[in-house]
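Here's the letter readout for the chains.
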Amino acid sequence: MTTNELGEKQEVKPYILVFVALMALTLITVAVSYLELPTVGAVALALVIASVKGSLVACYFMHLLSEKKLILLTMAFTILGFLAVLLGPAITEANTVTLD
Amino acid sequence: MSTAIPYTSEPRPDTGVHNVKLGIWLFLASEVMLFGSLFAGYILLRVGNPAWGAGQGELSVPLATLNTVVLITSSVTMVLAWAAAMELDKTKFRLFMGSTVGLGAVFLVIKYFEYSAKFHHGIFPDHSTFMAVYFTFTGLHAAHVVAGMVYNAYLWLPNAKMMDSDPRMFANRVEAAGLFWHFVDLVWIFLFPVLYLL
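The model shown is predicted, which means the values in this text are computed figures rather than measured ones.

Novice: Is there a simple way to think about the overall build of chain B in this case?
Specialist: A count of helices and strands for chain B gives 6 helices and 0 strands. Traced from its N-terminal end to its C-terminal end, chain B shows the element sequence α-α-α-α-α-α. Each of the three principal axes of chain B carries a C-alpha extent, and together these read 60 × 35 × 35 Å. Across the 198 residues of chain B, 35% fall into the buried class.

In structure tokens:
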């Protein structure tokens, strides 16, 4: 761990590792899409991979892992709001949906 | 009359973070709601539409994959630019921030080719529900890429001299620009499978 001029610890190596992981997951996402999985399985798998990639970006590039409590609290509230916005309308329509 | 607006670049004791960081995170919270409501619209339109996906076959998965790689790479150069700004290494900062702006431009050029291929085949947002969703999502996302590039370019060239006069404030600016840029990358990570692959 090196200390930079402004006195904050900054390690570059994890960024490179995250970059490699994101590239690999991108290739996996594309490869899986050619497998012709049933819709529900394909959607679930693609969203799981995208969530893993998104978490890597948020935790490392946006350094949420080492962030102060206030920022984490803000994000927690944001996620609640996001889920409400995302699922609220869908739930009202749930009885009309048929999955193929 | 000139009045200096009081400010501080240091973390505040009550919030624990510097003001720019809290500000950009609150802004990103509103951005999550903006894109979240669009995703909610996507879900509703998709599950309620037996003819979903009309025109999806026209989309180019190789170009979109390339754009994913370009945008993820630009996120890495962005974070390296921030590291350089904190090490007060102006040469390295200029190199990485320039790369970030350049990769943003590459993303937009590829997007331009994708759009013009659609237009060439007479595919516009009124082609189908799917294409309306596609153009709304990618258009809004591209607008964010443009906005990020404008501010990144400002930090890259005219503003970089601030690294000598007020390195703390400059590093804060680069950090905030980075948080926005990573968010734009994050949105694309979800848009790519949702629009092109599923």
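Novice: Explain the overall build of chain A to me, please; I cannot follow it from the model alone.
Specialist: A count of helices and strands for chain A gives 3 helices and 0 strands. Element order for chain A, N to C, with α for helix and β for strand: α-α-α. Across the 100 residues in chain A, those meeting the buried criterion constitute 14%.

Novice: In this structure, what is going on with the packing of helix α2 (residues 39-61) of chain A against helix α6 (residues 167-197) of chain B? I would like to understand it.
Specialist: Axis angle and axis distance: for two packed helices, these are the angle between their axes and the distance between the axes, and together they describe the pair. Viewed as axis vectors pointing N to C, α2 of chain A and α6 of chain B meet at an angle of 175°, and their least axial separation amounts to 9 Å. Compared by their axis directions, α2 of chain A and α6 of chain B come out roughly antiparallel. Two secondary-structure elements touch here, α2 of chain A through A46, A50, K53, G54, V57, A58 and F61 of chain A and α6 of chain B through H182, D185, L186, I189, F190, P193 and L197 of chain B. Split by residue class, the contact of α2 of chain A with α6 of chain B holds 10 nonpolar, 2 polar and 2 charged.

Novice: Looking at this structure, how should I read helix α3 (residues 90-120) of chain B?
Specialist: Along an α-helix, residues three or four positions apart point the same way, because every turn accommodates 3.6 residues. All names here are of chain B. Between its first and last C-alpha, α3 extends 44 Å over 31 residues, near the 45 Å set by a 1.5 Å rise per residue. Those residues of α3 not exposed but buried are F93, F96, M97, T100, V101, L103, G104 and F107. On its buried face, α3 is in contact with α2 (61-86), α4 (129-156), α5 (162-165) and α6. Of the residues one or two after α3, G122 is the one with positive phi, at around 75°.

Novice: Is there a simple way to explain the confidence of the model for chain A in this structure?
Specialist: The predicted coordinates should not be examined in detail at positions where pLDDT is low. Per-residue confidence for chain A gives a mean pLDDT of 87, with 88% of residues at or over 70. No element of chain A has a lower mean pLDDT than helix α3 (residues 69-92) of chain A, which averages 91, and none a higher one than helix α1 (residues 13-33) of chain A, which averages 94.

Novice: Explain the interface of chain A and chain B here, please?
Specialist: It is common to give the size of an interface as the accessible area lost on bringing the parts into contact. Counting residues at the interface gives 39 residues for chain A, matched by 43 residues for chain B. Every element with two or more residues in the side of chain A that touches chain B is listed here: α1, α2 and α3 of chain A. Looking at which element gives the most residues to the side of chain A that touches chain B, the answer is α3 of chain A, with 11 residues. Of the residues assigned to the side of chain A that touches chain B, the class counts are 23 nonpolar, 10 polar and 6 charged.

Novice: Please explain the confidence of the model for chain B as it appears in this structure.
Specialist: Averaged over every residue, the pLDDT of chain B is 94; residues scoring 70 or more account for 99%. Per the prediction output, this complex has pTM 0.93; the corresponding ipTM is 0.91.

Novice: It is not clear to me how unusual backbone geometry should be interpreted in this structure. Could you clarify?
Specialist: Excluding glycine, a negative phi dihedral is what most residues carry, and trans is how most peptide bonds are arranged. In the Ramachandran plot, H63 of chain A falls in the positive-phi region, its phi being about 35° despite a non-glycine side chain. Locating H63 of chain A in the fold gives a position in the loop between α2 and α3. Since 18 C-beta atoms lie within 10 Å of it, H63 of chain A is described here as partly exposed. Phi at L88 of chain B is positive, roughly 55°, even though this residue is not glycine. Structurally, L88 of chain B can be placed in the loop between α2 and α3.

Novice: Could you clarify how one ought to interpret the environment of F107 of chain B in this entry?
Specialist: Residues and elements named next belong to chain B. Tracing the chain through its elements places F107 in helix α3. The exposure class assigned to F107 is buried, which follows from the 25 C-beta atoms found within 10 Å. Note: C-alpha distance between F107 and V70 (37 residues apart in sequence) is 6.4 Å.

Novice: Can you help me understand the packing of α1 of chain A against α2 of chain A in this one?
Specialist: Residues and elements named next belong to chain A. One can describe the packing of α1 onto α2 by two numbers: an axis separation of 10 Å at closest approach and a directional angle of 165°. Relative to α2, α1 is oriented roughly antiparallel. α2 is crossed by α1, and the crossing has left-handed handedness. In this structure, α1 contributes P14, Y15, V18, A21, L22, L25, I28, T29 and V32 to the contact, and α2 contributes L45, A46, I49, V52, K53, L56, Y60 and F61. Partitioned by chemical class, the residues of the contact of α1 with α2 number 15 nonpolar, 1 polar and 1 charged.

Reading the values: rules and limits
Residues numbered from 1 in each chain as written. Chains lettered and ligands numbered in written order. Predicted model: local features only at pLDDT ≥ 70, side-chain atom pairs only at ≥ 80, totals over all residues. Helix = DSSP H or I, 4+ residues; strand = E, 2+ residues; numbered from the N terminus. Buried ≥ 20, exposed ≤ 12 C-beta atoms within 10 Å, placed from the backbone. Axes fitted to C-alpha atoms, helices over the stretch in contact; angles between N-to-C directions. Parallel < 35°, antiparallel > 145°, perpendicular 65-115°, else oblique. Contact = placed C-beta atoms within 7 Å. Nonpolar A, V, L, I, M, F, W, Y, C, P; charged D, E, K, R; others polar. Expected span 1.5 Å × (residues − 1). pLDDT = per-residue confidence, 0-100. Left-handed = near helix turned anticlockwise from the far one by under 90°.

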